[in-house]
Amino acid sequence: MKLFFAILGWVFGALFVVSAVVQYNDPDPWIWILIYSVAALISFSFALGRIHFMVPLAFGVIALLGFIYVFPEQFEGFEIGTGDIKNIEEGREAFGLLIISVIMFIYAFRTRFLRTSKI
């Protein structure tokens, strides 16, 4: 099970790096590059077993609050051309934050209960 979570950390770390890289053409790229880069750094630290559970927990809470804040008033999907571009952009950003939040909570709970778990 330890190997599974290490692989999970490396995979999501790489995915968050890719997510940071593709933000270059976003209307507000620097904030999203920073968010995805921090998520990648936390993921790599988790994979190496060198992170306190409060770090991903705090970042997960912040990302969840960001999801609630960014979520558009009217969700119109993710595909460009099917609705208002502003709503689509906000929907994509919101669900990116939701993904980060879920992964960070997995890291936090795994790290917190690693010492008491037999798995």
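Rules behind the numbers
Residues numbered from 1 in each chain as written. Predicted model: local features only at pLDDT ≥ 70, side-chain atom pairs only at ≥ 80, totals over all residues. Heavy atoms only, no water. Core = buried A, V, L, I, M, F, W, Y, C linked by side-chain atoms within 4.5 Å. Buried < 20%, exposed > 50% of the residue type's maximum accessible area, 1.4 Å probe, protein only. Helix = DSSP H or I, 4+ residues; strand = E, 2+ residues; numbered from the N terminus. Contact = heavy atoms within 4.5 Å. Patch = residues over 30% accessible without salt bridge, like charges linked within 9 Å, V, L, I, M, F, W, Y side chains within 5 Å. Areas by Shrake-Rupley, 256 points an atom, 1.4 Å probe, with all protein chains shown as cover. Salt bridge = Lys/Arg side-chain N within 4 Å of Asp/Glu carboxyl O. Polar contact = N/O pair within 3.5 Å; in protein donor to acceptor, adjacent residues only side chain to side chain. Axes fitted to C-alpha atoms, helices over the stretch in contact; angles between N-to-C directions. Parallel < 35°, antiparallel > 145°, perpendicular 65-115°, else oblique. Left-handed = near helix turned anticlockwise from the far one by under 90°. Nonpolar A, V, L, I, M, F, W, Y, C, P; charged D, E, K, R; others polar.

Visitor: For this particular structure, what's the right way to read the nonpolar core?
Guide: When a protein is soluble and globular, its nonpolar side chains tend to lie buried together. Phe16, Phe59, Leu97, Ile100, Met104 and Tyr107 are the most contacted members of the largest nonpolar core, which has 23 residues in total. Contributing elements (two or more residues each) for this core: α1 (2-21), α2 (29-48), α3 (54-70) and α4 (85-113). If you tally residues by element for this core, the top one is α2, at 7 residues. The residues touching Leu97, leaving out its near neighbours within four places in the chain, are Trp32, Ile35, Ala63, Gly66, Phe67 and Val70.

Visitor: What am I meant to see in the side chain of Asn87 here?
Guide: One can find Asn87 in helix α4. Not counting residues up to four positions away in its chain, the partners in contact with Asn87 are Pro72, Gln74 and Glu76.

Visitor: What's the story with a nonpolar patch on the surface in this structure? I'm lost.
Guide: Taken together, Leu3, Ile7, Val11 and Leu15 make up a surface patch of nonpolar side chains, about 370 Å² in accessible area. Counting through the fold element by element, Val11 comes out in helix α1. Residue classification places Val11 among the partly exposed residues on the basis of a relative accessible area of 41%.

Visitor: What exactly am I supposed to notice about the environment of Thr111 here?
Guide: One can find Thr111 in helix α4. A relative accessible area of 19% means that Thr111 is categorised as buried. Between the alpha carbons of Thr111 and Pro56 there is a distance of 9.2 Å; along the sequence they are 55 residues apart. Not counting residues up to four positions away in its chain, the partners in contact with Thr111 are Phe46, Ile51, His52 and Phe53. Within polar-contact distance, the side chain of Thr111 engages the backbone oxygen of Tyr107 at 2.7 Å.

Visitor: Just to check I follow, could you spell out the packing of α1 against α4 for this structure?
Guide: Two numbers describe a pair of packed helices, the interaxial angle and the distance between the axes. Viewed as axis vectors pointing N to C, α1 and α4 meet at an angle of 150°, and their least axial separation amounts to 12 Å. Classified by the angle their axes make, α1 and α4 are roughly antiparallel. Handedness of the α1/α4 crossing: left-handed. Across from Lys2, Phe5, Leu8, Gly9, Phe12 and Phe16 in α1, the residues of α4 making contact are Ile99, Ile100, Ile103, Met104, Ile106, Tyr107 and Arg110. Per-class residue counts for the contact of α1 with α4 are 10 nonpolar, 1 polar and 2 charged.

Honestly, that's just the spatial picture; any functional story needs more than this.
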